[in-house]
6 protein chains.
Amino acid sequence: MPYVNIKITKDGTSPEKKAEVIRGVTKLLAEVLGKNPQTTVVVIEEIETDNWGIGGATVTTRRKQGR
Amino acid sequence: MPYVNIKITKDGTSPEKKAEVIRGVTKLLAEVLGKNPQTTVVVIEEIETDNWGIGGATVTTRRKQGR
Amino acid sequence: MPYVNIKITKDGTSPEKKAEVIRGVTKLLAEVLGKNPQTTVVVIEEIETDNWGIGGATVTTRRKQGR
Amino acid sequence: MPYVNIKITKDGTSPEKKAEVIRGVTKLLAEVLGKNPQTTVVVIEEIETDNWGIGGATVTTRRKQGR
Amino acid sequence: MPYVNIKITKDGTSPEKKAEVIRGVTKLLAEVLGKNPQTTVVVIEEIETDNWGIGGATVTTRRKQGR
Amino acid sequence: MPYVNIKITKDGTSPEKKAEVIRGVTKLLAEVLGKNPQTTVVVIEEIETDNWGIGGATVTTRRKQGR
């Protein structure tokens, strides 16, 4: 019954891609750790690039600078 | 001074219902654990059904399948 | 299928008290929001008082000062 | 490589203010703990006042009451 | 630069298994979403069975009952 | 009333350093965002290096390799 929280930047990821991530993580935890896939919960959160910082700068700023 | 984070699917839960959950959780932690309700923080996050997976499938897909 | 994360200070809370909190939160979300209790997940995390700050001071310090 | 999650109420905080918070937290963790700023991640989440409770009431309600 | 948090029950999972989960999740997010593996962060948290509830009961209790 | 969660690797950070981080973050959010320091909550979580992955490898492994 693992709980997985995935945070990514909000970049228009399609429902199909998100479903594929959920399927893949659930399968991985079943195969590697023997966890029951039926009770594995995966929550994806999409974060605005203004709200995500790395290296002391927002992703918005970094992208403008071509980083 | 507990901190409680509640994640639910985004299904149009009314402000009144959310207030009732906040009131109820705060009261429970005061009664069972003796926590000070004045400093108990409760944050509710509502997650799109495309972003919530259980059993390896998104809630969007599960609902379409009548699960 | 809600997911609830409860953070409290580590103060020797008994397994019975923790079970009572889990039961109570699950019941509350079923009654108020109509959530399925069978798939409601509650995770309690107990945090050392050195690692919990409020008002700019750790709980360890606040307790020494009788706050 | 710290990971910092900051939750605040959604009150129209400007991108500039959010960038300043990200810069400040990253600098603080470098100065106090010696953490590498290049791999420090900061995620800000803005929560509706209906979804944030303290003292058993939502921030929406508290503000109406002038608290 | 995704951030992934995985919560599992504390059951003596080996460092090798945890490394395999970290490797697998990082690879999955690179392949499905095109995320840069170099900045993908994965944090695993192991939770005591007394502190994990599902269906209103702790995992400790459920295991005693053979569930 | 912000809530801040800081995750760092478990490396024997002293209570004094942790108190300094809590003080600094609380002050920053008061100065930059005008948040009330009295209700600002900061929780620090220290994660074993076996449980922290970046670039697809655990911090334990990366340190052994001198990265």
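Residues numbered from 1 in each chain as written. Chains lettered and ligands numbered in written order. Predicted model: local features only at pLDDT ≥ 70, side-chain atom pairs only at ≥ 80, totals over all residues. Heavy atoms only, no water.

If you look chain A up in an unreviewed UniProt entry, it shows as Tautomerase from Candidatus Sulfobium mesophilum.

## Looking at the relation of the copies chain E and chain A
For the record, the criterion: Only residues with pLDDT of at least 70 in both copies contribute their C-alpha atoms to the least-squares superposition of the copies.
By a simple turn and slide, chain E fits onto chain A: the slide is 0.0 Å along the axis, the RMSD is 0.0 Å, and the turn is 180 degrees. Both chain copies can therefore be described as sitting about a two-fold axis. Of the C-alpha atoms belonging to chain E, the one lying closest to the rotation axis is found on Asn5(E), 2.6 Å away.

## Here we look at the interface of chain E and chain A
The criterion, for reference: By definition, residues are in contact when any of their heavy atoms lie within 4.5 Å. What gets called buried area is simply the loss in accessible area from a 1.4 Å probe that two parts show on being joined, summed for both. Salt bridges are defined by distance alone: a side-chain nitrogen of Lys or Arg within 4 Å of a carboxyl oxygen of Asp or Glu. Here a polar contact is taken to be a pair of N or O atoms separated by no more than 3.5 Å, where protein atoms must pair a possible hydrogen donor with a possible acceptor and residues adjacent in sequence count only if both atoms sit in side chains.
Between chain E and chain A, the contact holds 25 residues from the first and 25 residues from the second. Taken together, both faces of the contact between chain E and chain A bury some 2100 Å²; the carbon and sulfur share is 76%. At the junction of chain E and chain A, the tally comes to zero salt bridges. Counting across the interface, chain E meets chain A through seven residue pairs in polar contact (both at pLDDT 80 or more).

## Notes on the sheet that holds strand 2 (residues 41–47) of chain A
Which entries qualify depends on this criterion: Whether two strands pair depends on DSSP finding at least two bridges between them. Comment: elements are numbered from the N terminus, with helices defined as DSSP H or I runs of at least four residues and strands as E runs of at least two. Note on geometry: axes are C-alpha line fits, over the in-contact stretch for helices, and angles between N-to-C directions span 0 to 180 degrees.
Here we have eight strands laid out as an open sheet, ordered 4(B)-3(B)-2(A)-1(A)-1(E)-2(E)-3(F)-4(F), and mixed in their pairing. Of all strands in the sheet, those bounded by a partner on one side alone are strand 4 (57–58) of chain B together with strand 4 (57–58) of chain F. Sheet topology places strand 2 of chain A next to strand 3 (residues 52–54) of chain B; three bridges connect them, and they run antiparallel. The partner of Val42(A) across the bridge, within strand 3 of chain B, is Gly53(B). Packed on one face of the sheet, helix 1 (residues 15–33) of chain A meets strand 1 (3–9) and strand 2 of chain A, strand 3 and strand 4 of chain B together with strand 1 (3–9) of chain E and runs near 140 degrees to strand 2 of chain A.

## What about the interface of chain C and chain E?
What counts is decided by this rule: Classes in brief: Ala, Val, Leu, Ile, Met, Phe, Trp, Tyr, Cys and Pro nonpolar; Asp, Glu, Lys and Arg charged; the others, Gly included, polar.
At the junction of the two partners, chain C supplies 17 residues and chain E supplies 12 residues. Each partner contributes to the roughly 1100 Å² buried at the junction of chain C and chain E, and carbon and sulfur atoms together form 52% of this total. Run the count over chain C and chain E and you get one salt bridge. Its salt-bridge partner being Glu45(C), residue Lys7(E) comes within 3.9 Å of it at the nearest N-O pair. Our enumeration of links across chain C and chain E arrives at six residue pairs in polar contact (both at pLDDT 80 or more). Elements with a minimum of two residues in the side of chain C that touches chain E: strand 1 (3–9), helix 1 (15–33) and strand 2 (41–47) of chain C. Considering only residue class, the side of chain C that touches chain E consists of nine nonpolar, four polar and four charged.

## Brief notes about the environment of Ile6(A)
Rule in force here: We call a residue buried when its accessible area falls under 20% of the maximum for its residue type, exposed when it is over 50%, and partly exposed in between, using a 1.4 Å probe and counting protein chains only.
Inspection of the secondary structure assignment puts Ile6(A) in strand 1. The class of Ile6(A) is buried, set by a relative accessible area of 1%. The spacing of Ile6(A) and Val42(A) is 36 residues in sequence and 7.5 Å in space, taken between C-alpha atoms. What Ile6(A) contacts, discounting residues up to four positions off in sequence, is Val21(A), Val25(A), Val42(A), Val43(A), Ile44(A), Glu45(A), Tyr3(E), Val4(E) and Leu29(E).

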